[in-house]
Each structure stands twice: as C-alpha cells, then as structure tokens.
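# Notes for the structure review
The chain contents come next:
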Amino acid sequence: MLSLIVFTPLVVAALLLLWRGLPANTVSWIWIAVTGVEVAAVLGVWWAYPGEGFAHEVDRPWIPGAGAGYHVGVDGLSLPLLALTTVVFAACAVYSLRRQRRPRQFAALFLALQTTCLGLFVALDLILFFVFFDLSIVGMYAVIAGWGHGPHARRSALTFFLYTFLGSLALLLGFIGLSVAAQPHTFDMVALTRDPPTQGTAGALVLSAVLLGLAIKTPTFPFHTWLPPAHTDAPAAGSAVLAGILLKMGTYGFVRIAMPMLPDAWRRYAWAIVVVGVVSVLYGALVALAQTNFKRMVAYTSVNHMGYVVLAVGAAGLVADSDPQARAVAITGAVTQMVSHGLITSALFLLAGVLYDRGGTYRMDAYGGLAADTPRFAALTAVAAFASLGLPGFSGFIAEFQIFAGSLSAAPVAVAFALPGILVTAGLFLWALHRVFLGPARHRLSATADLTAAETAAVLPLLALALLLGVFPRLLLDVVEPAARAVTDLVAR
C-alpha cells in the first residue's frame, strides 16, 4: 500500500511528460485527481493504523552487499507528515488551476517531487532516506530555476542547491559512520535504533555530520541564508512545498535518526542544540520584523517556528534535568509544530503568491487598504497570520504550548529566552496586516483582484485543518504520543 502511495505520482508524472498535446485544463485536472486520490489513500492508512509501532512494513533486499534494503513503513512520527505532504500537494494542485507557464511540465515536476517527499517519510533504511532526500533537492531546484520569478531566480535556485547538497553530503557521511560502526554493517533504521552502534568520540563525530545535514535543511541559524532568496524567487506553489514539506525533512530527521540512533551523543550535546533552537527562535522573529517584503517576512518566520522544534528536541535530550513525561510532551509538541507549520505557512505562501500576481510586488508598502477591495483575500490572510502567531484555537497554539510545557523542567532559562519570540511574531504579523490591508490605499487594484474560486479552494482547507487540530488536537495527538514516548525511552537508555 505504501509503495503505491509513494510511486503513483511518479508514474503519472512520466505519463504526463510522454503525453504531448494535452490541454492545460486536462493536465490540471489530472494533477488534482491524483493528489486527491493520494489524500484519500493516506486517510485510509491513518484509519487502519493500530496506534503504535510500525505498520504497513515492506522489507526487501536492494543492495544486500552494502546492507541497504527497500524497507518502508509508518508510525506515529511519520504518518502525520505523510498526511501533511498529500494535503499540501493537493492544495498546490488546486491553486495551480490558475494559468501557469508550461503546465504539463510543471504538473509532472510537482508529482515527481511529491514522490520524493512521500518516500522520505516512509523510508526505514538510511540509504533509501538519503536517495529521496537528495532527489527532493533536485526537484525543488528545477521548480525555482524553471518557474521562479525575478531576475535572480536561477541564482537563488543555485544557492539553494549548493547549500542543501552540501548538507546532504554531510548527512551521507554520518549515515556511513553509523553503518560502519554497526555489527553487522547495516543501514536499516529499525536495527540501528534497536542497537545504537556508536558512542564516545565516534558518536560525537557522527552526530556532528548528521546534525549539519539536518540543520541546513531545517534550516537553523546560522545555516538559514539560502532560505529567504529561495522563497522570494520561487513560484507560490514551490514556496508552499519548500516551507510546508521540505523543511520538515530536517526536523523529522532529528526525531527519526539523530535522537534514537545516537542517544549518548545527543544527551551529551543537548544543551548546544537547545541554544541553537533559542537563537533561531529569536533571530528568525527579529529579522522577520525588519522585513518590508511580505514573502521574505514569512520565510524568516519559518526559521523562528523551526527553532521551537529544535528547542523541544534538544530539551528532550536533557535527561538528567527532566522527567520522562515532560520529555514526551516536548517531542509531541515538536511533531505537532511540524504539522501545524506545514499547514499554516503553506497557506501564507499561497496567499503571498496572490499578492504578487495582482500587484507585481511583495513590498508591503506598495499596498494598503486592500481589505476594502479584496475582502476574501484579507480575511484568509488575517486568519493565516493569527494562526501563525499561535492564537488559541489553532494548531500552532497546541504545538507551542506543548513545546514550552515539555521543555520548562529541563531548560527553564532557554524557555524564558525563547518566549519573547512569540510576542515579536505577533507584532510582526499585526504590523504586516496593517500595512497591507488597512489605512489609505496605495494601489490600483479593484474588487476583481480578490481571490478566485480555485485560490480559495486551495487555501481554505489548509486553514480549516489548522483550526480543526487546534480545537480537536486528540485527532493528531493520539497518533503522535505513543511514538514520542518511544523516542523518549530510546534517548534515556
């Protein structure tokens, strides 16, 4: 079942590339149909999930001489991100009903990119994980270089590729180190989690390589500099996938690979990880506050929000200073934050695309008074902004509350330093809403510039899901909590 979910988009992508002469509308509806089927299939997997452990496992030989296999499965850490991936890609397909350059190639590229993202979240072999990790970099490079806007799109794509490819090389070195230390040599993630192979200096070196690769992908301070230009020049759907899904590959790697496979080294350097998380929280929020470009502002808030995840997983490694329940709450909050950020920030980037499409610029000072002329656009942007700043009733509040509550006993000083990040985030979103939607009009847009039916249908479900998880968090937490407790036990052993 998982293999069908992972590779169906890739098969359809190949068919689209081979089937020349398809009308643009037909291509769009095929793309929407495939992503809709993917959402339904993952919902079926979610419904059938037993509640803990791995499900729908497939383990077949692939490169037996190197100890690598085709091993896939889902648990409470990967299933929410698998579902998030299908939802975000479906939203991008609906959003792209708008006119798009080279629609057949665009749809095929996104379907292929969806396969890489789905494959990474179900991979239970380090080499399989790495293959999907690397292919996602290639896919996003093509999106930015081929469909980006602005004179610097190709340079931004190249910067993104070089940064993240360097990270993937560091990650591969770490994976090889894990395999070499294992007896027998293996890249199987379940086996490496069950019997962590490295300790002492070797474990610290392997953890450094793994953390470097994941930190660049997340990204955390100071490895974030590729992110704002990539977002600014990417098409709206590309930014939604980059922020909503690709960044989660880094944070997912923390809880799936670094923590359970290198518990000794993780505990030893947990305080350094906490510090990186706090700096990312504050730096991302303060730099976002200084932006005049709406899309760059949202991009920097991603550094801020991913900093909360890093803070949580770092605090969960401070075993001597916290109780197991608090650590499990922190990890649950980290996974919830990944899902929440994916939904809300994807919606914000799609809305940023609407702003650029209508006005030709992301500069907030070029607008003003848009609420009177584009009420639907103003309303959904306001909802997304309030959801992103952690307003109670949305999933972001649930995530951040769990992160702070779970981290407080182990790292009270870090929590005290990180808390102002919430206040700054609230201020920057309110200030952005004021500049774009309130006050005197500084634009020439008319009421016809409001959201189209396709744009509304793309953004509204993402925000509705953020609201649903904020009001009924047990829908997500019942799946995540058993897996979070398992990670807590692995780190503490």
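It should be noted that the structure appears before, not after, this text.
The structure contained in this document is the topic of the report that follows.

Conventions adopted
Residues numbered from 1 in each chain as written. Predicted model: local features only at pLDDT ≥ 70, side-chain atom pairs only at ≥ 80, totals over all residues. Heavy atoms only, no water. 1 Å grid on protein atoms, 1.4 Å probe; cavity = no way out; pocket = protein on both sides within 12 Å on 5 of 7 lines; lining within 4 Å. Points joined across faces, edges and corners; volume = space filled by probe spheres on them. Helix = DSSP H or I, 4+ residues; strand = E, 2+ residues; numbered from the N terminus. Nonpolar A, V, L, I, M, F, W, Y, C, P; charged D, E, K, R; others polar. Phe/Tyr/Trp six-rings, centres within 6.5 Å; stacked < 30°, edge-to-face > 60°. Buried < 20%, exposed > 50% of the residue type's maximum accessible area, 1.4 Å probe, protein only. Lys NZ or Arg CZ within 6 Å of the ring centre and 35° of its normal. Patch = residues over 30% accessible without salt bridge, like charges linked within 9 Å, V, L, I, M, F, W, Y side chains within 5 Å. Areas by Shrake-Rupley, 256 points an atom, 1.4 Å probe, with all protein chains shown as cover. Salt bridge = Lys/Arg side-chain N within 4 Å of Asp/Glu carboxyl O. Pairing = 2+ DSSP bridges. Expected span 1.5 Å × (residues − 1).

## What to know about empty space enclosed by the protein
Here the structure, examined in full by the defined rule, presents three cavities of 30 Å³ or more. His305, Gln337, Ser340, His341, Ile344, Thr345, Ala387, Ser388, Gly396 and Glu400 are the residues that line the largest cavity. It is helix 14 (residues 324–359) that provides the largest number of residues to the lining of the largest cavity, a total of five residues. For the lining of the largest cavity, the per-class residue count stands at two nonpolar, seven polar and one charged.

## Notes on the packing of aromatic side chains
All chains considered together, the criterion is met by 18 aromatic pairs. Judged by centre distance (5.3 Å) and plane angle (80 degrees), the ring pair of Phe121 and Tyr252 falls under edge-to-face. Of this pair, Phe121 sits in helix 4 (residues 103–122) while Tyr252 sits in helix 10 (residues 236–261), placing them 131 residues apart in sequence. Tyr252 shares its class with Phe121; the two are buried. With 5.4 Å between their ring centres and 10 degrees between their planes, Phe161 and Phe165 make a pair best called stacked. Of this pair, Phe161 and Phe165 both sit in helix 6 (residues 153–181), four residues apart, which is roughly one turn of that helix. Among the residues examined, Phe161 registers a relative accessible area of 24% and is labelled partly exposed. A residue is classified by how much of its surface remains accessible, and Phe165, at 30% relative accessible area, is partly exposed. Clustering of aromatic rings is evident, with ring pairs tying together Trp31, Phe89, Phe106, Phe110 and Trp147. Here Arg102 stacks its cationic end above the ring of Trp147, 4.4 Å away from the centre of that ring. One cation-aromatic arrangement involves Lys217 over Phe133; the distance from NZ or CZ to the ring centre is 4.7 Å.

## Observations concerning a nonpolar patch on the surface
Together, Leu467, Leu468, Val471, Phe472 and Leu475 make up a nonpolar patch on the protein surface, roughly 440 Å² of accessible area in all. Considering every element that reaches the nonpolar patch, the biggest residue donor is helix 20 (residues 453–471), with three residues. If you trace the backbone, Phe472 turns up in the loop between helix 20 and helix 21 (474–492). Relative accessible area serves as the criterion here: at 48%, Phe472 is assigned to the partly exposed category.

## Examining the pairing of strand 1 (residues 55–63)
Here strand 1 pairs with strand 2 (residues 68–74) via six bridges, running antiparallel. Along strand 2, the bridge assignment pairs Val58 with Val72. Taken together, strand 1 and the strand that follows it, strand 2, pair antiparallel across an intervening segment of four residues, in which Gly67 is found at a positive phi of about 80 degrees.

## A short note on helix 14
With 36 residues, helix 14 extends 51 Å from end C-alpha to end C-alpha; this agrees with the ideal 52 Å at 1.5 Å per step. Taking burial as the measure, the 36 residues of helix 14 include 29 buried ones, the bulk of the element. At the C-terminal side of helix 14, Gly360 shows a positive phi close to 75 degrees.

Note that every value here comes from positions in space, so none of it alone points to a role or purpose.
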